[in-house]
Every structure is written in structure tokens, then in C-alpha cells.
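So the chains spell out like this:
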Amino acid sequence: GSGIETTFTQGEDACLAALVPELPTAPPDQRSLLVVGTLADVVEDQFARLFAAAEVPVGFLPARRSTELPAVGPGTRVLLAQPFVTDTRDRLAARGATVVAAPYPLGVEGTARWLAAGVAALGGDGERLARAIAAPAARARAALGRFRPRLEGKRVFFFPDSQLELPLARFLARELGAVPIEIGTPYLHRDAMAAELAWLPDGVVIAEGQDVDRQLDRCLAARPDLVVCGLGLANPLEAQGLATKWSIELVFSPIQGFEQAPDLAELFSRPFERRARLRV
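All values reported here derive from a predicted model rather than from experimental measurement. (Residues numbered from 1 in each chain as written. Predicted model: local features only at pLDDT ≥ 70, side-chain atom pairs only at ≥ 80, totals over all residues. Heavy atoms only, no water.)

(A) Spotlight on the overall build of the protein chain. Counting its regular elements, the protein chain contains 12 helices and nine strands. Taken against the 2.2 N^0.38 rule, which gives 19 Å for 280 residues, the C-alpha radius of gyration of the protein chain at 19 Å falls within 12% of a compact globule. By its C-alpha atoms, the protein chain is 65 × 45 × 35 Å across when sized along the principal axes. Classification of the 280 residues of the protein chain by burial places 50% in the buried group. (Helix = DSSP H or I, 4+ residues; strand = E, 2+ residues; numbered from the N terminus. Rg over C-alpha atoms; globule rule 2.2 N^0.38 Å. Buried < 20%, exposed > 50% of the residue type's maximum accessible area, 1.4 Å probe, protein only.)

Right under this line is the structure:
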């Protein structure tokens, strides 16, 4: 067996956590921001430019090259880019780093708040950051407007798969007008998800763990407009007449940041577009 307990994304967390003891020790007076969680190179470059505009020194874990491991110490501020790297988060804290509370960088709202939290933690220039993000945020909002008519009011059911479910549901609800009716997640780390929980709609059901039989019963009874689930459930649910989105596609696509927000919205709109084209 793989040793992965809840979800395959836990493999990334185990990998990064194993790297923490190998990271160099930063001098006590060295202050820096460490972004934790794998990002596509294009997304990492965008974030690096925006943090640089606010005069914030930033490193990334994992580093792009194995010979460039970031240093960590009491002056390190940890900003999670992925919600499933909580063991890594805890090990970095044990080495003296401080974890920054923030939502995850999905959508315009989440990305702006995530960047601002990182800049504030290092005492960077918030006004310079605001100027740097103004144009990409405006472009992203305009682009999201194309997808809102397709997604607004759509009822969405999330099966537990990757631990991305809460920030994805928040993005759909707050920026596209969708209605999450149940958000399943394999594991709920309330501290790491505090900002996301505060932004979710009142009354939404959050189901922790993977009791698939009962979740299937609730899903089929609710008849949502869209089901976000793993590959093993997608075809059977499609056969039941439900539209589905493969959750694995949301893990392996570049979806973080302003430029990628419209791409994320498009991933959710595709099942509806496909059904519209296939309808006779």
C-alpha cells in the first residue's frame, strides 16, 4: 500500500514534510515569506512578481530546483498555496516559522486576500501591492463575468477528494453565484481552513470523511445541477442524469491566481456547455 490515508494529495504533503528537516536554517534576523504547495511555473512567476512589487522577499516550497532549498527560521512566515499541506505546515512551525492565516489563492477575491496577508506578515508595502494587482484583478473580474450567467444559481454537490473542496465552493458561491448544497472533504483542518469557513454561505452542509454510500444517497436525493467527484463516480452519476466535473482535473490544472481565475470558472462551466451541445 502507498501509506496515503485519506486522499492522493496527501502524497504531496508527505513529500514536502520529508523535506523540512533538510531545509537550511535561516539566521534569526532573516525575515522572509515562504509559499508552501506546488504551483505551476507560470503561477509561481506571477506571484513572485507581485510580492516583489510590494518589496517582500519570497521563496517557494517545493523549490524549482533541488539545489535551491529555501532557508527556514524564526523570521520565516509560511503562506499556504494548497490546503492539503498541513503536515508540512506543522513541521515548519516546529522549526520556528510562523504560519500566516489566509484564504487560498483561488479566484479574484481569494488571490487578493492571500497576497495581502503575505505582504502584511512581512511588513511589505500594501499600497504598492494594491497598485500591482489592480490591472490583473480587473481583467479577471471582467473575464469571470462571461461565466456567471452559466453558473449563477446552479446547485453544486462536492464529493470528498482532494481537500480543495472548501475554497472551490467559496469561489463558486461568492464570485459566480453558484449554490453549494453539500461540501464533502476527506479531512477538515479547521485552523488551516478558518478563512474559508468564514466565507462560505450560511447553512451549507460540510461533510468530513468518505462515507460514499450515504453521500451518494444524499446526492441522488438532492439532484444537484453539478456534482464534483472522482473518476470512479462520474460515469455512474452521468448515467443517473447528473452533470459531473472530475475533481482530479482541478488538482492538476493551474487554477491559482488572477490570470487563472477565468480558467477555473471555465472548468466548472464545461459540463453545462457539453450538455447544451449534446441536447437533442
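And the narrative resumes.
(B) Expanded view of the nonpolar core. One finds Val36, Phe51, Leu92, Trp114, Leu115, Leu168 and Phe268 to be the most contacted residues of the largest nonpolar core, which totals 71 residues. Ignoring anything within four residues of it in the chain, the contact list for Phe268 reads Leu151, Leu168, Leu172, Leu226, Val228 and Leu250. (Core = buried A, V, L, I, M, F, W, Y, C linked by side-chain atoms within 4.5 Å. Contact = heavy atoms within 4.5 Å.)

(C) Focus on helix H2 (residues 41–53). Between its first and last C-alpha, H2 extends 18 Å over 13 residues, near the 18 Å set by a 1.5 Å rise per residue. Along H2, the residues classified as buried are Val43, Glu44, Gln46, Phe47, Leu50 and Phe51. One side of H2 holds all its buried residues, which, seen down the axis, span an arc of 160°. Where the residues of H2 are buried, they touch strand E1 (32–36), strand E2 (58–61), strand E3 (76–80), helix H4 (107–121) and helix H5 (126–144). One or two positions beyond H2, positive phi appears at Glu55, with a value near 65°. (Expected span 1.5 Å × (residues − 1). Arc of directions from axis to C-beta.)

(D) Examining the pattern of salt bridges more closely. Within this structure, the stated rule accounts for 16 salt bridges. We note a salt bridge from Arg174 to Glu109, for which the minimum N-O separation is 2.6 Å. Separated by 65 residues along the polypeptide, Arg174 in helix H7 (residues 165–176) and Glu109 in helix H4 bring together distant segments of the chain. Judged by relative accessible area, which is 26%, Glu109 ranks as partly exposed. Its salt-bridge partner being Glu196, residue Arg170 comes within 2.8 Å of it at the nearest N-O pair. Of the two residues, Arg170 is situated in helix H7 and Glu196 in helix H8 (residues 194–199); the sequence distance between them amounts to 26 residues. Pair check on accessibility: Arg170 and Glu196 agree, each one buried. Where salt bridges share partners, they join Asp41, Glu44, Asp45 and Arg64 into one cluster. (Salt bridge = Lys/Arg side-chain N within 4 Å of Asp/Glu carboxyl O.)

(E) Structural view of the pairing of E2. Pairing analysis gives four bridges linking E1 to E2, with the strands arranged parallel. Bridge pairing in E2 places Leu34 opposite Gly59. Once the chain exits E1 it traverses H2 before rejoining the sheet at E2, and the crossover so formed is right-handed. (Pairing = 2+ DSSP bridges. Right-handed = clockwise from strand over helix to strand, strands pointing away.)

(F) Structural detail: the packing of aromatic side chains. Throughout the structure, instances matching the rule amount to three aromatic pairs. Ring geometry for Phe47 versus Trp114: centroids 4.6 Å apart, planes at 45°, classification tilted. Residue Phe47 is found in helix H2, and its partner Trp114 is found in helix H4; the two are separated by 67 residues along the sequence. Both residues of the pair, Phe47 and Trp114, count as buried. Residues Phe157 and Phe159 carry aromatic rings whose centres are separated by 5.1 Å and whose planes lie at 50° to one another, so their mutual orientation is tilted. Using a relative accessible area of 2% as the deciding quantity, one classes Phe159 as buried. An aromatic cluster is defined as three or more aromatic residues linked by ring pairs; in this entry it consists of Phe47, Phe51 and Trp114. (Phe/Tyr/Trp six-rings, centres within 6.5 Å; stacked < 30°, edge-to-face > 60°.)

(G) Just the packing of H4 against H5, in detail. The geometry of H4 relative to H5 is characterised by a closest axis approach of 10 Å and an angle of 170° between their N-to-C directions. One element, H4, and the other, H5, form an angle in the roughly antiparallel class. Viewed along their axes, H4 and H5 form a crossing whose handedness is right-handed. Where H4 abuts H5, its residues Val108, Ala112, Leu115, Ala116 and Val119 lie against Gly126, Leu129, Ile133, Ala137, Ala140, Arg141 and Leu144. Its residues assigned to classes, the contact of H4 with H5 comprises 10 nonpolar, one polar and one charged. (Axes fitted to C-alpha atoms, helices over the stretch in contact; angles between N-to-C directions. Parallel < 35°, antiparallel > 145°, perpendicular 65-115°, else oblique. Left-handed = near helix turned anticlockwise from the far one by under 90°. Nonpolar A, V, L, I, M, F, W, Y, C, P; charged D, E, K, R; others polar.)

(H) Structural context of the environment of Leu106. Along the chain, Leu106 turns up in the loop between strand E4 (98–99) and H4. Distance in space between the C-alpha atoms of Leu106 and Arg170 is 9.0 Å, their sequence separation being 64 residues. Once you skip the residues sitting within four places of it in the chain, Leu106 turns out to touch Thr111, Pro167, Leu168, Arg170, Phe171, Glu175, Ile255, Gln256 and Leu264.

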